[in-house]
Amino acid sequence: MNSKRLGRRTVALSAPPSVLACACVGGKFEGQGPLGTCFDELGEDSFFGESTWEKAESAMQKRALSRALDKARLKAGDLDYILAGDLLNQCVGSAFGLRDFGIPFYGLYGACSTMGESLALASLLIDGGFARRAAAMTSSHFCTAERQYRMPVPYGSQRTPTAQWTATAAGCTILAEKGQGPYVTHVICGRIVDKGITDSNNMGAAMAPAAYDTLSAFFRDTQTGPKDYDLILTGDLGELGHDIVRDFFRRDGIDLTDRYQDCGLLLYDREKQDMHAGASGCGCSAAVLNGYVLPGLRAGKWRRVLFAPTGALLSPTTSFQGESVPGICHAVCLSAEA
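So, how was this worked out
- Residues numbered from 1 in each chain as written.
- Predicted model: local features only at pLDDT ≥ 70, side-chain atom pairs only at ≥ 80, totals over all residues.
- Heavy atoms only, no water.
- Helix = DSSP H or I, 4+ residues; strand = E, 2+ residues; numbered from the N terminus.
- Buried < 20%, exposed > 50% of the residue type's maximum accessible area, 1.4 Å probe, protein only.
- Polar contact = N/O pair within 3.5 Å; in protein donor to acceptor, adjacent residues only side chain to side chain.
- Pairing = 2+ DSSP bridges.
- Disulfide = S-S within 2.5 Å.
- Axes fitted to C-alpha atoms, helices over the stretch in contact; angles between N-to-C directions.
- Parallel < 35°, antiparallel > 145°, perpendicular 65-115°, else oblique.
- Left-handed = near helix turned anticlockwise from the far one by under 90°.
- Contact = heavy atoms within 4.5 Å.
- Nonpolar A, V, L, I, M, F, W, Y, C, P; charged D, E, K, R; others polar.

Caption draft 1: The side chain of Asp 236, seen in detail. Mapped onto the secondary structure, Asp 236 falls in the loop between strand 11 (231–235) and helix 7 (238–251). Residue classification places Asp 236 among the buried residues on the basis of a relative accessible area of 0%. A distance of 3.1 Å separates a polar side-chain atom of Asp 236 from the backbone nitrogen of Gly 281. A distance of 3.1 Å separates the side chain of Asp 236 from the side chain of Thr 310, its partner in a polar contact.

Caption draft 2: Region of interest: the pairing of strand 5 (residues 81–85). Strand 5 sits mainly inside the fold: 4 of its 5 residues count as buried. Relative to strand 7 (residues 133–140), strand 5 runs parallel, the two sharing 5 bridges. Bridged to Ala 84 within strand 7 is Met 137. Pairing of strand 5 with strand 6 (residues 105–107) involves 3 bridges; the strand directions are parallel. What sits directly across from Ile 82, in strand 6, is Phe 105.

Caption draft 3: Region of the structure containing the state of the cysteines. Tallied over the entire structure, the rule returns 0 disulfides. Of all cysteine sulfurs in the structure, the one in Cys 284 sits closest to Cys 263, which takes part in no disulfide; the separation is 5.3 Å. When its relative accessible area of 0% is taken as the criterion, Cys 263 is described as buried.

Caption draft 4: Main features of the environment of Thr 144. Tracing the chain through its elements places Thr 144 in helix 5 (residues 142–149). Residues Thr 144 and Asp 258, 114 residues apart in the sequence, show an inter-C-alpha distance of 36 Å. At 2.9 Å, the side chain of Thr 144 and the side chain of Glu 57 are in polar contact.

Caption draft 5: Quick peek at the packing of helix 6 (residues 203–222) against helix 7. Orientation of helix 6 relative to helix 7, taken along the N-to-C sense of each, is 40°, at an axis distance of 8 Å. With respect to helix 7, the element helix 6 is oriented oblique. As for the relative orientation of helix 6 and helix 7, their crossing is right-handed in sense. Residues Gly 204, Ala 205, Ala 208, Pro 209, Ala 211, Tyr 212, Leu 215, Ser 216 and Phe 219 of helix 6 lie in contact with helix 7, whose contacting residues are Leu 240, Gly 241, Ile 244, Val 245, Phe 248 and Phe 249. Broken down by class, the residue content of the contact of helix 6 with helix 7 amounts to 12 nonpolar, 3 polar and no charged.

Here it is in structure tokens:
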């Protein structure tokens, strides 16, 4: 294996995999946001031509993968693996969306951190010599998430100020052992961090400690700091979680202000679109990464990006049982140069 462990959790990739292609698909509200022009395809409604929202989410994954394969000029059989997941029970959004491609499949669940988890694992497979090409992807859908985790959409329940809007989006990154970049140079596996938050409408507060834990470990292991990165991007912490992470680092004497952003604050115009604390869902960080960050790295907007999507590891059952909301954050370092 080529990978070299730098510290307790961070791994440096000796042969950094290259991004061959990336693609993202979004819904109507995503197209109306600040990053609307970054999507490869936008749906006119929430169904994407299907009869149910769950089938619509599968259709988004199918279209995102197809778009990425077309960009890379590859066929499905050219991929050694696909690593994907979503928020639905048993990850059926991914399983049913990808079943016709015939690609060896690893189904993943990292909640909203799944884009980071799939990207990290695909990178390790390629760097370790176990794959030549692999696709990493995920999705979420506002209506499927609301039906499963909260209240059915027709119920019209009122959202709290800390609530976030689950993105209707899917994103796909195709990695290869060789290419023109950008490259995945480091990966770090997150730990489950639970500070006892029990409000399922306050995901930002539940996930922020995990983001702080992972980013702190990464800086410590690599002996780097925020100034070594052009952009540090967490996933769907929203306004409150973003502020909590900044406050944690401020207590350590580290100021993240000038280069720290969150995917949940980028996807929508929170005032005009009434998105409360911001965006959430697997598709949030997947869309921002594949539609905005990776093209930006290729265009020279940034040279080095630390991408750290976060996830809340809860279920409706655990919420009904009064359990807290554990958080997790997986991160990868993306560089314009190998």
